[in-house]
Amino acid sequence: GGKTQENLRMSVVQRGTATLRKAKKITVKTCLDNPFVFQWKTIDGEDMHFILETLEERIKHIGLKKIETPRKKKRSLTKTQMERKRDASTSEPPKEEETEGHQQKPGWTDISIRRQLAIGVNEVTKALEKNDLLLLLVCKSAKPAMITSHLIQLSASRATPAGQVPRLSETVAPLLGLTSILALGFKKQSDKFTEAIEAIIPKIPALEVPWFQYRTEESVAYAHTDSSENQEPEQPAEALGDELTSQKRKRTESNQLDLSNVTLQPLKIKKLVPNPNKIKKPPRKKKKAFSA
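Residues numbered from 1 in each chain as written. Predicted model: local features only at pLDDT ≥ 70, side-chain atom pairs only at ≥ 80, totals over all residues. Heavy atoms only, no water.

**Thoughts on the pattern of salt bridges**
For the structure on display, the rule yields five salt bridges. With a closest N to O distance of 3.2 Å, Lys60 and Glu56 form a salt bridge. Here Lys60 and its partner Glu56 are both found in helix 2 (residues 46-62), four residues apart, which amounts to about one turn of the helix. Owing to a relative accessible area of 53%, Lys60 belongs among the exposed residues under this scheme. One salt bridge connects Glu123 with Arg114, and the closest N-O pair in it is separated by 3.0 Å. (Salt bridge = Lys/Arg side-chain N within 4 Å of Asp/Glu carboxyl O. Helix = DSSP H or I, 4+ residues; strand = E, 2+ residues; numbered from the N terminus. Buried < 20%, exposed > 50% of the residue type's maximum accessible area, 1.4 Å probe, protein only.)

**Section: helix 2**
Since one α-helical turn is 3.6 residues long, residues separated by three or four positions face the same way. Look at helix 2: 24 Å from first C-alpha to last across 17 residues, which is about the 24 Å you get at 1.5 Å a residue. The set of residues buried in helix 2 consists of Met48, Ile51, Leu52, Thr54, Leu55, Ile59 and Ile62. Taken around the axis of helix 2, the buried residues stretch over an arc of 160 degrees, which confines them to a single face. Turned more than 90 degrees off the buried face of helix 2, the exposed positions are Glu46, Glu57, Lys60 and His61. Check the buried side of helix 2 and you find it contacts helix 5 (111-114), strand 5 (133-139), strand 6 (162-165), helix 8 (168-175), strand 7 (183-187) and helix 9 (194-200). Within two residues after helix 2, Gly63 carries a phi angle of roughly 85 degrees, on the positive side. (Expected span 1.5 Å × (residues − 1). Arc of directions from axis to C-beta. Contact = heavy atoms within 4.5 Å.)

**Looking at helix 6 (residues 121-129)**
Taken together, the buried positions of helix 6 are occupied by Val121, Val124, Thr125, Ala127 and Leu128. An end-on view of helix 6 places all buried positions within 165 degrees of arc, on one side of the element. Seen from the buried face of helix 6, the exposed residues on the opposite side, beyond 90 degrees, are Asn122, Lys126 and Glu129. Buried residues along helix 6 sit in contact with strand 4 (117-119), strand 5, helix 7 (146-157) and strand 7. Taken from the residues just after helix 6, Asn131 is the one with a positive phi, measuring 60 degrees.

**As for the pairing of strand 1 (residues 29-33)**
Counting buried positions along strand 1 yields zero of five residues, so the element is predominantly exposed. Two strands pair when backbone bridges link them, and strand 1 and strand 8 (residues 268-272) are joined in this way by five bridges, in the antiparallel orientation. Looking at the pairing, Leu32 lines up with Ile269 of strand 8. (Pairing = 2+ DSSP bridges.)

**Some remarks on unusual backbone geometry**
Cis peptide bonds are those with omega within 30 degrees of zero, and the linkage from Lys143 to Pro144 qualifies with -5 degrees. Mapped onto the elements of the fold, Pro144 is located in the loop between strand 5 and helix 7. Phi at Asn131 takes a positive value of approximately 60 degrees, unusual for a residue other than glycine. Topologically, Asn131 is positioned in the loop between helix 6 and strand 5. At Arg167, a position not held by glycine, the phi torsion is positive, near 60 degrees. By the element assignment, Arg167 lies in the loop between strand 6 and helix 8.

**A closer look at the nonpolar core**
Counting 28 residues, the largest nonpolar core has Leu55, Leu135, Leu137, Val165, Leu168, Val172 and Phe186 as its most contacted members. Those elements that provide at least two residues to this core are helix 2, strand 4, strand 5, helix 8, strand 7 and helix 9. Counting residues per element, this core draws most heavily on helix 2, which supplies six residues. In this view, Val172 contacts Leu55, Ile59, Ile181 and Leu184; residues no more than four positions away in its chain are not counted. Counting 18 residues, the second largest nonpolar core, distinct from the first, contains Phe36, Trp40, Val121 and Ala162. (Core = buried A, V, L, I, M, F, W, Y, C linked by side-chain atoms within 4.5 Å.)

The values reported here are purely geometric and, on their own, carry no functional implication.
Right under this line is the structure:
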């Protein structure tokens, strides 16, 4: 009698637990987000056409291009054997191909000019971190936008003029022998592009970053002063040391931020739900052990 009552109790408890399942709590992760939204000012109209035309003329005049060797397709053995028989009879065509190959070597036509440019997002970010750029142009076709959005703050912190130009990749990439160019930077030691840089900088609007109040004119003047200072004759070490300290003081005084117009904003609290659609990963297939 006692055993049957205990079994009935256990069955009731098991049924109750099976039917009353508690819903899992949705895990929400809170994080702090930037209150400021940074966006490129796209250069449209006449300014866009002017920038693209100047770049096109300058690149064509210099003749900088990347030459890549065409990939040869694999052919079947029967076709190769037939071609070998034909080549054995006439030996002139392969000699012409060899001479053409010697004329155009794979790689950049002029490495010294290539070093004056920063091509691609990775090269541009490294050059901006080192403060080596005078001008930065970004293509509007970059998707997603976050690929180039970090360059706004970097270029503003280095006081380098930067702008977003539509159809930059379409016009410049084929001239340089590349498939696409999302970012193009001109370094401070670019002698071949000085005229183009001076012509393009006035067409670029200033970036809107609240805590940086620099101007593009200051960056151009700073670059000219650096080039003129490097060309001065040699002086004794003591005099040079005094001049360097005075120049550093002047630069720090001139580069101090004017925070009078800056209004501080609180950080945004952002709530994230990981895997909201509850997509489960497929189970891993167990490797079958080989039978000896």
